[in-house]
Amino acid sequence: MKEIKDTIYNSVKRIQEATPDHLIGLSTGFERLDEVLGGLVEGTLVTIGGRTGMGKTAFAFNLLRNLAIEKNIPSLYISLESTEQLCTNILIACTLNVKYRGLLSGQLVAEEWEKLDKGVSGIVNSPIYLDTKSTYTIDDICKTVEESVQEHQVKVVFIDYLQLIFAKTGFTENRYLELNYITRKLKALAKEFNITIVLLSQLNRNAEGEKRLDHRPVLTDLRDSGTICDDSDVVCFVHRPEYYRIYQDEKGNDMRNKALIIVAKNRLGYTGDALLYTNMPTLTFSHDNPYTEDDFTGAFPTDSLTF
């Protein structure tokens, strides 16, 4: 319990220290997203949802790159889905702009080998911490996060993904209540250590239905949503229309190699869309178009990616 005067003084201090770019938290590294979101705010739970193939894991690693490699902000990535090697390859691909499949097979062209030789040190020396245990309870996650904050001063924690987390006991027959418990624990964890937790989540199949022609996700699409929406301070969706063979929006704008980061809920700012360019062979999200018009003569291998 604190006296109101302490809270007021802290609030005034934060206002005085506000950055000129109008952010209320850490920059995501994507200016258009920052304009909508206001940054990643300490003490908050941010949920990023997306159907398989949309690129939510790739997008999370792009955020990790922007925070830890470009801004030197200590960050922890917990993956319950991928191996340590796969996570490392995703980070290398999106950081150095190298084709992901080439990293898996070792089949890189000379230019990519040069990028690897020159750029890998920047990744090695960044404050990134990786945990890829295959089984994780919410208590395990809380313990890992506490240790990372105390030992490494971690400011942002990524968890990939919600539906693979379990509680130890008490919810053997009710997954809905179990997920409610997990999201509330994660929200409390973010507040306790004054960090940002970025939680990835699957979506149900509603967006795939014939009734929704644009396949645009909405809040009720969060799989086993429970109180995900209630507990999350921010809910975003990664949506790539071209995945559904939609190459133009309703205004006729070209949507090839583009992703919408849909901010569907934001307790601390605006909601809306941030448009980013994608280069899915390298799992890269950016403000700049990675292709020229001539590149569109062939098909891009986006459909088989599972990130």
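For the structure, check the block above.
The rules behind each value
- Residues numbered from 1 in each chain as written.
- Predicted model: local features only at pLDDT ≥ 70, side-chain atom pairs only at ≥ 80, totals over all residues.
- Heavy atoms only, no water.
- Helix = DSSP H or I, 4+ residues; strand = E, 2+ residues; numbered from the N terminus.
- Buried < 20%, exposed > 50% of the residue type's maximum accessible area, 1.4 Å probe, protein only.
- Contact = heavy atoms within 4.5 Å.
- Salt bridge = Lys/Arg side-chain N within 4 Å of Asp/Glu carboxyl O.

Engineer: Even after reading the chapter, I still don't get the environment of T284, so can you show me in this structure?
Structural biologist: Relative to the elements of secondary structure, T284 occurs in strand 9 (residues 284-286). Its relative accessible area of 12% is what places T284 among the buried residues. For the pair T284 and F61, spaced 223 residues apart in sequence, the C-alpha separation works out to 9.0 Å. Beyond its immediate chain neighbours, meaning those up to four positions away, T284 contacts N62, R65, A93, C94, N97, Y277, T278 and N279.

Engineer: Sorry, what's going on with the pattern of salt bridges here?
Structural biologist: Opposite charge on two side chains lets them pair, provided their charged atoms get close. This model, assessed by the stated rule, comprises 10 salt bridges. The closest approach of N and O atoms between R267 and D233, which form a salt bridge, is 3.0 Å. Of the two residues, R267 is situated in the loop between strand 7 (258-266) and strand 8 (272-279) and D233 in the loop between helix 9 (228-231) and strand 6 (234-239); the sequence distance between them amounts to 34 residues. Using a relative accessible area of 45% as the deciding quantity, one classes R267 as partly exposed. Residue classification places D233 among the buried residues on the basis of a relative accessible area of 7%. Across the salt bridge formed by R240 and E242, the nearest N and O atoms sit 3.4 Å from each other.

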